[in-house]
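The residues making up each chain are set out below.
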Amino acid sequence: MNTPFKYIYRSMVLAAAAMMVASCQDKLDEVPDNRTEIDTPKKVASLLTSGYPDNTPAVICELTGDNYVDNNVVVPATHRDAYQDFHEEAYKWLDINNYSLGAQDTPYSVWQSYYGGISVCNHAIAAMKEMCPGIETMSASEIAANYPEVSASWGEAMVLRAYLHFMLVNIFAEAYKNDQLSLNDKGVPYVTEPETTVYVDYGQSEFLHNVKETYDLIERDLVAGLPLIDDNNYTVPAYHFNRNAANAFAARFYLFKRDYAKCVHYADEALGANPSAMLRKWSSMNKNTINSCLLDYNDETAPCNFMIQSTYSVQDRMLSACRYAINSGTTFTKDNTSYTVPSTYDIIYKGGGPNWSGQLSCYDNCIYVWGAGQQYGVWLFTVYEYFEYTDKIAGIGYVHMLYHPFTAEETLLCRAEAKLYMGDRDGAIQDLGFWTSGKLVTSELTLANITRKYSRASNNIYCSPLHPSEMGFEKVLTGDDLAILDCVLHFRRIETMFEGMRWFDIKRYGIEVVHYYRGANEDEIHIDTMPWNDPRRVLQLPKNVIDAGYPANRGTSGAVVGGSSASVVNALSKDNEATPIRLSNN
């Protein structure tokens, strides 16, 4: 198929620390051992390909969010186990502990994979500093003029390091509120130097950043690196921070930071003068088979696919286990009180939108059900797995999924939201109209049909309870503008299903989430509500990281005092291979 897998090996990273050379021209005459020497611009560029994480937070973000329902509640007389124990822990908002270190989609796999990528960036940056004296003090234009052979790699390393920290802080910390409130929320370690010793004490104050400081450091790296990104430096740009992906990241970062003018600026850079030309061409997609759908959807040359991420992930298998899924809701009575589980099947698939009814026509012949039946939910072809055999006879290998961290469609929705907060209502509606047209909707999108669809006069499942003022928003939208915001959030929920992005909107806006669940061996239905200020919105650090001495993050704020974390280095950067599994889903 057109989209090759990216196999990531980190062994060269840990060996690179003592092998930097003095300049772009000078090389060691003799290598003292068999370690890889990072002494040329080409080797630096090659090293950076291993910095892109091979794990994704999508599963834990979807399970903690409001897209999935527990089928043991909505399907009568069903008592299904979770595919893996930690899936149930995530859905119950418990500390996630029941997993092996080789398991995919876990907090640990995300933590180690993203910090492993940061380690790659730091080794690459250190190598470039040795090869190119003074590069760290130069502006982007000076780097391009004085060290053109490494300038693109310097830009990629900076932007990738910023992105990996951005993901980590949005998963393992509170959402950004504002510069004042975020001083009181604990961030994540922002690591900028290679680990050249066996132990690094990440409990030192230099690593104990609050969320505001973490965002400042992300912005510093992003601004320094973005002007140097050069697509000509890549063989397959879609697997790297190319120009469009870097600008899309900047747009999302400034949307989260609520610098709306910069969000629009960078979104414009990514989308160009004609956003419609950048959107996915659903009308020409080959839908004959699920594999043909995947081939077109994951085409690395498609303009909409700003970035593609190859991961080890078993989300496909989790869904086929039929415990958690996008599914219809139900009504039940408990303690003489009636409760309604909202239908995420309607919200995301079948309930229509402001200018279309029923299912979006772009998804015709693209939505599937498991053999157990539609009552256990439906899924889009995008979560279908790729299988890499290590032993064909035994049927053993690795499960891969391709995710799309940045697309033209999601960037367009970032811009629409930013325009709305800037007072450009017409511009926001125009961008939302581009999105619906791209999904093959032929009816015009107007303010009238937006306000009709997203009316808050009744219990509307398409409108989530928001707490913007509590989350530090300087501007709180009301009336028609609030309806447009609900439209943006609904469209993004549809656009990023199975990708985990909905969880970030839940955190940003303090959206209240209710989970209804029933264990596989019990009859009682449990009801748990996560309000806007619930400390469980912060995903607890992996248990082995806490056991190594790094302070727990859930339920804490401000500076952390005490606690030795010398051995956390092993949790931050140690290679953690995925565990091979069998081809069969059963």
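See the structure shown above.
No experiment lies behind these values; they were computed from the predicted model shown.

> Hey, could you run me through the overall build of the protein in this one?
The helix and strand inventory of the protein stands at 22 helices and twelve strands. Of the roughly 21,800 Å² of accessible surface on the protein, a fraction of 48% belongs to carbon and sulfur atoms.

> How do you make sense of the side chain of Asn449 when you look at a structure like this?
In this fold, Asn449 is placed in helix α18 (residues 447-453). The exposure class assigned to Asn449 is buried, which follows from its relative accessible area of 9%. In terms of polar contacts, Asn449 uses its side chain to reach the backbone amide nitrogen of Thr446, at 2.9 Å. The residues touching Asn449, leaving out its near neighbours within four places in the chain, are Pro354, Asn355 and Glu444.

> It is not clear to me how the packing of helix α2 (residues 41-48) against helix α8 (residues 148-172) should be interpreted in this structure. Could you clarify?
Helix packing for two helices is described by the angle between their axes and how far apart those axes are. Contact geometry for α2 and α8: axes closest at 9 Å, N-to-C directions at 25°. By the criterion of interaxial angle, the relationship of α2 to α8 is roughly parallel. When the axes of α2 and α8 are compared, the crossing they make is left-handed. Contacts between α2 and α8 involve Pro41, Val44, Ala45 and Leu48 from the former and Glu149, Val150, Ser153, Glu156, Ala157 and Leu160 from the latter. Each residue belonging to the contact of α2 with α8 can be placed in one class, and the counts come to seven nonpolar, one polar and two charged.

> Could you clarify how one ought to interpret the packing of aromatic side chains in this entry?
Two numbers describe a pair of aromatic rings. These are the distance of the centres and the angle of the planes. Within the structure shown, the criterion is met by 37 aromatic pairs. Arranged with centres 6.1 Å apart and planes meeting at 50°, the rings of Phe249 and Phe406 form a pair that is tilted. With a gap of 157 residues between them, Phe249 in helix α10 (residues 243-257) and Phe406 in strand β9 (residues 396-407) connect regions that are remote in the sequence. Judged by its relative accessible area of 0%, Phe249 is buried. Linked through ring pairs, Tyr52, Tyr163, Phe166, Tyr176, Tyr215, Phe241, Phe249, Phe253, Tyr254, Phe256, Tyr266 and Phe406 together constitute an aromatic cluster. Cation over ring: Arg258 sits above Phe473, and NZ or CZ is 4.1 Å from the ring centre. The aromatic ring of Tyr297 is capped on one face by Arg280, whose charged end is 3.7 Å from the ring centroid.

> Is there a simple way to explain the pattern of salt bridges in this structure?
If the charged atoms of two oppositely charged side chains come close together, the side chains can form a pair. Per the stated rule, a full pass over the model turns up 33 salt bridges. Residue Asp70 is joined to Arg323 by a salt bridge in which the shortest nitrogen-to-oxygen separation is 2.7 Å. Linking Asp70 in strand β1 (residues 69-70) with Arg323 in the loop between α14 (315-320) and β3 (324-325), this pair joins segments that are 253 residues apart in sequence. With relative accessibility at 1%, the residue Asp70 sits in the buried group. Given a relative accessible area of 1%, Arg323 falls into the buried group. The closest approach of N and O atoms between Asp185 and Lys177, which form a salt bridge, is 2.6 Å. Judged by its relative accessible area of 8%, Asp185 is buried. Judged by its relative accessible area of 10%, Lys177 falls in the buried class. One continuous salt-bridge network, built from bridges that share partners, spans Arg252, Glu410, Glu417, Arg492, Asp505 and Arg508.

> Looking at this structure, I do not really get unusual backbone geometry. What am I missing?
Glycine aside, a negative phi is what most residues show, and trans is what most peptide bonds show. The phi dihedral of Ala77 falls on the positive side, at around 60°, and the residue is not glycine. Position of Ala77 among the secondary structure elements: in the loop between α4 (71-74) and α5 (85-91). On the basis of relative accessibility, which here comes to 72%, the residue Ala77 falls in the exposed class. With a phi angle near 65°, Arg258 is a residue other than glycine that sits in the positive phi range. Relative to the helices and strands, Arg258 is located in the loop between α10 and α11 (260-271).

> Looking at this model, I keep getting lost on the nonpolar core. Mind explaining?
For soluble globular proteins, the rule of thumb is that nonpolar side chains tend to be buried together. Phe241, Phe249, Phe381, Leu432 and Phe498 are the most contacted members of the largest nonpolar core, which has 161 residues in total. Among the elements that take part in this core, α8 stands out by supplying eleven residues, more than any other. Val44, Leu48, Ile135 and Ala157 belong to the second-largest nonpolar core, a separate cluster that totals 19 residues.

> I'm lost on the pairing of strand β8 (residues 386-391) in this one. Help?
Consecutive side chains along a regular strand alternate between the two faces of the sheet. The pairing of β8 with β9 spans five bridges and is antiparallel. Within β9, the residue paired with Tyr389 across the bridge is Gly397. Counted along the chain from β8 to the antiparallel partner β9, the turn is four residues long, and its residue Gly395 has a positive phi close to 70°.

So, how was this worked out
- Residues numbered from 1 in each chain as written.
- Predicted model: local features only at pLDDT ≥ 70, side-chain atom pairs only at ≥ 80, totals over all residues.
- Heavy atoms only, no water.
- Helix = DSSP H or I, 4+ residues; strand = E, 2+ residues; numbered from the N terminus.
- Areas by Shrake-Rupley, 256 points an atom, 1.4 Å probe, with all protein chains shown as cover.
- Buried < 20%, exposed > 50% of the residue type's maximum accessible area, 1.4 Å probe, protein only.
- Polar contact = N/O pair within 3.5 Å; in protein donor to acceptor, adjacent residues only side chain to side chain.
- Contact = heavy atoms within 4.5 Å.
- Axes fitted to C-alpha atoms, helices over the stretch in contact; angles between N-to-C directions.
- Parallel < 35°, antiparallel > 145°, perpendicular 65-115°, else oblique.
- Left-handed = near helix turned anticlockwise from the far one by under 90°.
- Nonpolar A, V, L, I, M, F, W, Y, C, P; charged D, E, K, R; others polar.
- Phe/Tyr/Trp six-rings, centres within 6.5 Å; stacked < 30°, edge-to-face > 60°.
- Lys NZ or Arg CZ within 6 Å of the ring centre and 35° of its normal.
- Salt bridge = Lys/Arg side-chain N within 4 Å of Asp/Glu carboxyl O.
- Core = buried A, V, L, I, M, F, W, Y, C linked by side-chain atoms within 4.5 Å.
- Pairing = 2+ DSSP bridges.

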